[in-house]
Amino acid sequence: MHLLKDHGFAHPIASEITPQAVYAQRRRLVQGLVAGAALGALPSLSARAQPARPGKLAALPAGRSAVAGASTMDKLTPYVDVTTYNNFYEFGTDKSDPARNAGRLKTRPWTVAIEGEVKKPGTWDLDTLLKLSPMEERIYRLRCVEGWSMVVPWVGYSLAELIKRVEPTGNAKFVQFVTLVDKAQMPGLDGGGLDWPYVEALRMDEALHPLTLLAFGLYGEVLPNQNGAPLRLVAPWKYGFKSGKSIVKIRFVEKQPKTSWEVAIPSEYGFYSNVNPKVDHPRWSQATERRIGEDGLFAKKRPTLMFNGYEPQVGQLYAGMDLKKFY
Ligand SMILES: Nc1nc2c(c(=O)[nH]1)N[C@H]1C(S)=C(S)[C@@H](COP(=O)(O)O)O[C@H]1N2
Ligand SMILES: [Mo]
């Protein structure tokens, strides 16, 4: 289906790039149309009706989120693309491997261990986590460091809801997210070139930011295994790899931890990994992106937005930091 094997590493030609100002203007125009259409016409965009359930997995109903920036007006990436073009190296490095191999992942029973610098460490059962806070629908862009993106109606709640219940101590400066590692269920663990388990981490204020989502579903249903069932992180202003899947442990620590991609290729992947079109990856530009599901022969690349478009919400987290140094 997607023959995009080179991840768009080639430099785009100028005519492929929509200038930022034109893009912003178009966006405003579309938003204006939407606002004007709220009373009737243009049903597809106006009401932002909850997306149709694909009817493949158990329903996970969710209310509209009140978090600022929790919804983009971008066209949703079709379910089939969201669930067949994945990065989940535990199931293989090819984009089609996770959909093919993750079926054997057993997502129940499932527990998440809370460890480290918290007053209330312990083990949370998935069913308890599902009831911890009301489920919200959030339409986020996810931008992969490889140069593609997608727009997904996630279902979950702010990670902060869980964090405040476990009461971090004053020493908790960073939060680590650890993925399951089980050879019996994950055929990719023998290859892939990463240290297992897959570990990601956020600074405490990033983890507490309301946009940081603990996701349990997408498209109104529980997460497909290949997308990180039964629960994963989604930090929408960061490159996709910061969003660990199939999490079994959340650890609160004082020192900035090493993450799997940093350990594997330190010259290419830093800790912060904020989406920043002005900082090129050592081997390719980050100025533009390809939307998965729209990447036909003549599809134009889009300009990548600072913080993946969430700058109004998260920009001040990095005030005064040199984002070229802290990439
Ligand atoms: N455990 C684990 N989490 C992971 C990855 C992985 O290989 N293993 N890949 C990351 C990368 S690089 C991306 S772009 C996103 C992709 O999420 P998606 O497949 O739902 O689009 O998952 C991230 N989380
Ligand atoms: Mo990625």
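The text that follows walks through the structure, step by step, so that each part is easy to find. Sequence order as written defines residue numbering, which begins from 1 separately in each chain. Chain letters and ligand numbers both follow the written order, the letters beginning at A and the numbers at 1. Only residues with pLDDT of at least 70 get local features here, since the model is predicted, and only at 80 or more are side-chain atom pairs given and counted; chain-wide, interface and lining totals rely on the full set of residues. Calculation of side-chain values draws on the structure's entire complement of heavy atoms; hydrogens and water are dropped beforehand.

With that settled, consider the sheet that holds strand 11 (residues 247-253). Two strands qualify as a pair provided DSSP detects at least 2 bridges between them. Put simply, DSSP H or I for four residues or longer makes a helix, DSSP E for two residues or longer makes a strand, and each gets a number counted from the N terminus. Strand order in this open sheet of 5 strands is 3-2-11-6-7, and the pairing throughout is mixed. The open sheet is flanked by strand 3 (122-125) and strand 7 (199-203), the only strands paired with a single partner. In this sheet, adjacent strand axes meet at a mean angle of 20° when their direction is disregarded. Bridge count for strand 6 (residues 174-179) against strand 7 is 5 bridges, and the pairing is antiparallel. Within strand 7, the residue paired with Gln176 across the bridge is Ala201. Sheet contacts for helix 6 (residues 159-166): strand 2 (111-116), strand 3, strand 6 and strand 11; angle to strand 11, the most-contacted strand, approximately 60°. Here an angle of 0 to 180 degrees is reported between the N-to-C directions of two axes, which are lines fitted to C-alpha atoms, with helices fitted over the stretch in contact. Should any heavy atoms of two residues lie within 4.5 Å, those residues are counted as being in contact.

Examined against the element boundaries, Val145 turns out to sit in the loop between strand 4 (136-143) and strand 5 (148-158). Relative accessibility under 20% of the residue-type maximum defines a buried residue, over 50% an exposed one, and the middle range a partly exposed one, all with a 1.4 Å probe and only protein chains included. On the accessibility criterion, Val145 (9% relative accessible area) is buried. Val145 sits 124 residues away from Tyr269 along the chain, and the two C-alpha atoms are 9.4 Å apart. Aside from chain neighbours lying at most four places away, what touches Val145 is Tyr239, Phe241, Tyr269, His281, Trp284 and Gln286.

This part covers the packing of aromatic side chains. Centres within 6.5 Å make a pair out of two Phe, Tyr or Trp rings, where for Trp the six-membered ring is used; the pair is then stacked when the planes are under 30 degrees apart, edge-to-face when over 60, and tilted otherwise. Taken as a whole and assessed by the stated rule, the structure comprises 14 aromatic pairs. Positioned above the aromatic ring of Tyr85, the side-chain terminus of Lys95 is 5.9 Å from the ring centre. The positively charged end of Lys242 is found above the aromatic ring belonging to Phe271, 4.3 Å away from the centroid. Charge-over-ring contacts are defined here by two conditions on Lys NZ or Arg CZ: a distance within 6 Å of the ring centre and an angle within 35 degrees of the ring normal.

Near ligand 1 lie 16 residues; those nearest to it are Tyr89, Met150, Arg232, Ser243 and Lys245. Two N or O atoms form a polar contact when they lie within 3.5 Å of each other; inside protein one atom must be a possible hydrogen donor and the other a possible acceptor, and for residues adjacent in sequence the pair counts only when both atoms belong to side chains. Note that a nitrogen atom of ligand 1 is positioned 3.0 Å from one of the side-chain N or O atoms of Thr179. Residue Lys245 places a side-chain N or O atom 2.6 Å away from an oxygen atom belonging to ligand 1. Surface accessibility in these figures is a Shrake-Rupley result with a 1.4 Å probe; residues are shielded only by whichever protein chains are displayed. When ligand 1 is considered free in solution it has 540 Å² of accessible area, and contact with the protein chains removes 99% of it. Gly is put with the polar residues, along with every residue not named as nonpolar or charged; the nonpolar set is Ala, Val, Leu, Ile, Met, Phe, Trp, Tyr, Cys and Pro, and the charged set is Asp, Glu, Lys and Arg. Among the residues forming the shell around ligand 1, the class breakdown is 6 nonpolar, 7 polar and 3 charged. Residue proximity to a molecule or strand is established when one non-hydrogen atom of the residue lies within 4 Å of it.

Let us now look at the nonpolar core. Counting residues in hydrophobic clusters, the biggest one holds 47 residues, and the most contacted among them are Trp154, Leu218 and Trp237. Elements with a minimum of two residues in this core: helix 3 (79-82), strand 4, strand 5 and strand 8 (213-218). The residues contacting Trp154, other than those within four sequence positions of it, are Glu136, Glu137, Arg138, Tyr140, Leu142, Leu213, Ala215, Gly217, Leu218, Leu223, Arg232 and Val234. What is meant by a nonpolar core is a set of buried Ala, Val, Leu, Ile, Met, Phe, Trp, Tyr and Cys residues, joined one to another through side-chain atoms within 4.5 Å. Grouped together as the second largest cluster of nonpolar side chains are 38 residues, Ala102, Leu159, Leu162 and Ile247 included.

Shape descriptors only; they carry no functional weight alone.
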